[in-house]
Amino acid sequence: MEFTAKDVMALRERSGAGMMDCKKALKECDGDIEKALDYLREKSLAASAKKASRIAAEGLVDCFVCEKCGVGVIIEVNCETDFVAKTDDFKNLVASLAKHVAKKNPASVEDMMAQPFSEDESKTVSDVINGAVAKIGEKITIRRFNRVEGIVDTYVHLGGKIGVLLQISNNDFPAVAHDVAMQIAAAKPTCLRKEDCDQAELEHEREILREQAKNDPKPKPAAIIEKMVEGRIEKYYKEVCLLEQPFVKNPDESVSQMINGRFEVIGFTRYEMGEGLQKRTEDFAAEVMAQTKKA
């Protein structure tokens, strides 16, 4: 069966594969578009498997908010190179996956991969990822996501290097809420308030501080050491607890004082792209801090 340039274009639109791949698929399948689609899917699975052992530590963090359904999503999707992460194809893929999480509410990445894709239920999310691998030419993985129902604000820095999903009690003060989201991006809090600190981690910090005090050239009584330790713990709270942190735009007041009861911060998620996957040389948090002070 012969095929025309229109057939190649039609196959390209339906599959998302490259022009030469579509032409080859039609040639292998005697011009039958349906068989060519299956051929391309099989090839994309093979390509995906071939790339599975590669390291994917670049990528994007993105956020999506559905005002209508009251849902916010933050997601990290990884690829192999920063070049691919900056392409429209990859950005569009990440955005569509964030929308999928909002709509389908998967329980985990594994659950998500098996779900029918929200934009085309004839495919699973796994099919979509495999198709993107074949088209883009790099390993692509969904690393993590969080989905929150309620009132949210988001902040994405450096085109997807850092993302924040902030849940609040009301949105009467959007500018203040956005300042809090930027604070989280800049100052990297690990918990919301003092009570939320990991007690084992806190006690570990106390032990380190006690040893530091004991090793001081000028010995001090145990009671004085304990006071010094607790004083340093208060400084620790200001480093890790969002509401205790000095506000980046005005360090003379805490984030809690800046909010001033206008809304309650219910929770937050902060993703830094590639965090824990490889050693990063860029200090993204410092750059956000500098920008917020200029704002």
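Structural notes, computed from the coordinates. (Residues numbered from 1 in each chain as written. Predicted model: local features only at pLDDT ≥ 70, side-chain atom pairs only at ≥ 80, totals over all residues. Heavy atoms only, no water.)

## Section: the overall build of the protein
Line of reasoning, step 1. Counting its regular elements, the protein contains twelve helices and ten strands.
Line of reasoning, step 2. By the burial criterion, 43% of the 295 residues in the protein qualify as buried.
Line of reasoning, step 3. Counting contacts in the protein only where the partners sit at least 6 residues apart, residues at least 24 apart contribute 62% of the total.
Line of reasoning, step 4. Of the accessible surface of the protein, which amounts to about 16000 Å², a share of 50% is contributed by carbon and sulfur atoms. (Helix = DSSP H or I, 4+ residues; strand = E, 2+ residues; numbered from the N terminus. Buried < 20%, exposed > 50% of the residue type's maximum accessible area, 1.4 Å probe, protein only. Contact = heavy atoms within 4.5 Å. Areas by Shrake-Rupley, 256 points an atom, 1.4 Å probe, with all protein chains shown as cover.)

## Observations regarding helix α9 (residues 199-214)
Given 3.6 residues per helical turn, the α-helix brings residues three or four places apart onto the same face.
Line of reasoning, step 1. Given a rise of 1.5 Å per residue, 16 residues ought to cover 22 Å, and the 22 Å separating the end C-alpha atoms of α9 matches this to within 8%.
Line of reasoning, step 2. Among all positions in α9, only Leu202, Arg206, Leu209, Arg210 and Ala213 are buried. Down the axis of α9, the buried side of the element spans an arc of 105°, and every buried residue falls inside it.
Line of reasoning, step 3. Looking at the buried positions of α9, the neighbouring elements they touch are α10 (222-240).
Line of reasoning, step 4. The residue sitting at the N-terminus of α9 and contributing the capping side-chain oxygen is Asp198; that oxygen lies 3.0 Å from the backbone nitrogen of Ala200. (Expected span 1.5 Å × (residues − 1). Arc of directions from axis to C-beta. Polar contact = N/O pair within 3.5 Å; in protein donor to acceptor, adjacent residues only side chain to side chain.)

## Comments concerning the environment of Ile259
Line of reasoning, step 1. Relative to the helices and strands, Ile259 resides in helix α11 (residues 255-259).
Line of reasoning, step 2. Residue Ile259 is classed as buried on the basis of its relative accessible area, which comes to 4%.
Line of reasoning, step 3. Separated by 16 residues in the primary sequence, Ile259 and Leu243 place their C-alpha atoms 8.9 Å from one another.
Line of reasoning, step 4. Ignoring sequence-local partners within four residues, the contact set of Ile259 consists of Val176, Val180, Leu243 and Val265.

## Observations concerning α10
Line of reasoning, step 1. Between its first and last C-alpha atoms α10 spans 27 Å; for 19 residues at 1.5 Å apiece the expected length is 27 Å, and the two agree.
Line of reasoning, step 2. If you follow the buried residues of α10, they end up packed against α9.

## Remarks on the packing of aromatic side chains
Line of reasoning, step 1. For the structure on display, the rule yields zero aromatic pairs.
Line of reasoning, step 2. Note that Arg144 overlies the ring of Tyr271, its terminal NZ or CZ placed 4.1 Å from the centroid.
Line of reasoning, step 3. The ring of Phe173 carries Arg262 above its face, with NZ or CZ at 5.5 Å from the centroid. (Phe/Tyr/Trp six-rings, centres within 6.5 Å; stacked < 30°, edge-to-face > 60°. Lys NZ or Arg CZ within 6 Å of the ring centre and 35° of its normal.)

## A few points about the packing of α9 against α10
Axes are the key here: two packed helices are described by the angle between their axes and the distance separating the axes.
Line of reasoning, step 1. Close contact between α9 and α10 brings their axes to 9 Å; oriented N to C, the two are set at 130°. Judged by the inter-axis angle, α9 sits oblique to α10. For the crossing formed where α9 meets α10, the hand is right-handed. Residues Glu201, Leu202, Glu205, Arg206, Leu209, Arg210, Gln212, Ala213 and Lys214 of α9 form the contact with α10, whose participating residues are Ile225, Glu226, Met228, Val229, Glu230, Arg232, Ile233, Tyr236 and Tyr237.
Line of reasoning, step 2. Its residues placed into classes, the contact of α9 with α10 shows nine nonpolar, one polar and eight charged. (Axes fitted to C-alpha atoms, helices over the stretch in contact; angles between N-to-C directions. Parallel < 35°, antiparallel > 145°, perpendicular 65-115°, else oblique. Left-handed = near helix turned anticlockwise from the far one by under 90°. Nonpolar A, V, L, I, M, F, W, Y, C, P; charged D, E, K, R; others polar.)

Don't take any of this as a statement about function, it's just geometry.
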